[in-house]
Amino acid sequence: MSWQADTRSLVHRFKFHSCPELAQVLAPLMVAQVLHCYQDKPRPDAIMAMPMSYSRWVKRGYNQAGLLARAVAEQLQLPIISGGLRRLYDTGTQQHHSSASQRWDSMQRSLYCTGNMTGLTIAVVDDVLTTGASISAAAAAIEQRGAKAVDAWTFAFAEPHPPLNE
């Protein structure tokens with residue numbers, strides 16, 4: 001879904017207003033899109049959630065990508081690899097404060113894949129795709145552990161916007 005006002009509001013409530021139950025509302029919408037996209041090709045072998053920093057998890061009380069990944073995995077009857085990706089350090093918020101190049105720089109080598117993924121196709125679930133920096137870092141970490149492919153599944157994507165002052 002495009003990052004329009006309704007989508008933005010729903011995701012914002014999910015992330016910042018202690019509404020973890022919204023994972024159950026968002027997941028069927030995401031599953032419908034996944035099923036459409038995988039009509040003519042095999043689904044991934046497993047799902048991983050985009051990790052968040054420990055400090056943000058403590059503040060929020062849950063990882064929204066983890067809740068969404070679990071709900072999607074359950075509905076698609078795919079295995080989920082819990083803890084398959086770890087943040088090596090906190091890269092800070094990517095909401096409105098960083099330019100695209102700063103986001104990419106901060107994400108380089110910030111994620112680690114904890115297991116052997118040799119020959120597997122993994123879907124990484126996140127709530128919003130903004131610049132692609134996080135999902136690209138996740139894919140690089142998973143591919144370093146032998147995955148043959150990494151698919152990005154996000155509930156929404158942000159419309160491209162003019163670069164911030166860099």
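Counting starts from 1 at the beginning of each chain's written sequence and moves along it residue by residue. Where local features are concerned, this predicted model is filtered to residues with pLDDT of at least 70; where side-chain atom pairs are given and counted, the filter is 80 or more; whole-chain, interface and lining totals use all residues. Note that water and hydrogens are dropped before the side-chain values are worked out from all heavy atoms of the structure.

Note the following rule: UniProt positions are given in the numbering used here, feature names are shortened, and annotations may be inferred rather than shown by experiment.
Where an unreviewed UniProt entry is consulted, the protein chain appears under the name Phosphoribosyltransferase domain-containing protein, with the organism given as Pseudidiomarina fusca. Comment text from UniProt for the protein chain, heading Sequence similarities (unreviewed entry), reads "Belongs to the ComF/GntX family."

### With respect to the nonpolar core
For clarity, the threshold we go by: Grouping buried Ala, Val, Leu, Ile, Met, Phe, Trp, Tyr and Cys residues that are joined through side-chain atoms within 4.5 Å yields what is termed a nonpolar core. Any residue under 20% of the maximum accessible area for its type is buried, any over 50% is exposed, and the rest in between are partly exposed; the area is computed with a 1.4 Å probe on protein chains only. Secondary structure elements follow DSSP: runs of H or I no shorter than four residues count as helices, runs of E no shorter than two count as strands, and numbering proceeds from the N terminus. By definition, residues are in contact when any of their heavy atoms lie within 4.5 Å.
Core analysis: the biggest nonpolar cluster contains 26 residues, and Ile47, Leu68, Val72 and Trp153 have the highest contact counts within it. Every element with two or more residues in this core is listed here: helix H1 (5–16), helix H2 (23–37), strand S1 (46–49), helix H4 (64–76), strand S4 (121–129) and strand S5 (149–157). Trp153 has contacts with Met30, Val34, Tyr38, Pro44, Ile47, Val72, Leu76, Leu78, Ala123, Val124, Val125 and Asp126, leaving out every residue within four places of it along the chain. Cys113, Met117, Ile135 and Ala141 belong to the second-largest nonpolar core, a separate cluster that totals 18 residues.

### Description of unusual backbone geometry
For Ser18, which is not glycine, the phi dihedral falls at a positive 50 degrees. Structurally, Ser18 is set in the loop between H1 and H2. Classification of Ser18 as exposed rests on a relative accessible area of 57%. Despite not being glycine, Gln77 shows a phi value in the positive range, around 55 degrees. When you line up the elements, Gln77 lands in the loop between H4 and strand S2 (85–87). On the basis of relative accessible area, Gln77 is assigned to the exposed category, the value being 72%.

### Regarding the environment of Arg43
Relative to the elements of secondary structure, Arg43 occurs in the loop between H2 and S1. Note on Arg43: relative accessible area 39%, which makes it partly exposed. Dropping the residues within four chain positions of it, Arg43 is found in contact with Leu35, Tyr38, Leu76 and Leu78.

### Quick look at the packing of aromatic side chains
Both the distance between ring centres and the angle between the ring planes are used here to describe each pair of aromatic rings. For clarity, the cut-off: The aromatic pairing rule takes the rings of Phe, Tyr and Trp, using the six-membered ring of Trp, and pairs them if the centres are within 6.5 Å, calling planes under 30 degrees apart stacked, those over 60 edge-to-face and the rest tilted.
A full pass over the atoms with the stated rule returns 2 aromatic pairs. When the centroid spacing of 6.4 Å and the interplanar angle of 35 degrees are considered together, the rings of Phe14 and Tyr62 count as tilted. Placement of Phe14 in helix H1 and of Tyr62 in the loop between helix H3 (54–60) and H4 is noted, with a sequence separation of 48 residues between them. Residue Phe14 is classed as buried on the basis of its relative accessible area, which comes to 0%. Ring plane angle 70 degrees and centroid distance 5.7 Å describe the contact between Tyr38 and Trp153, whose orientation is recorded as edge-to-face. Note that Tyr38 is positioned in the loop between H2 and S1 and Trp153 in strand S5, a separation of 115 residues in sequence.

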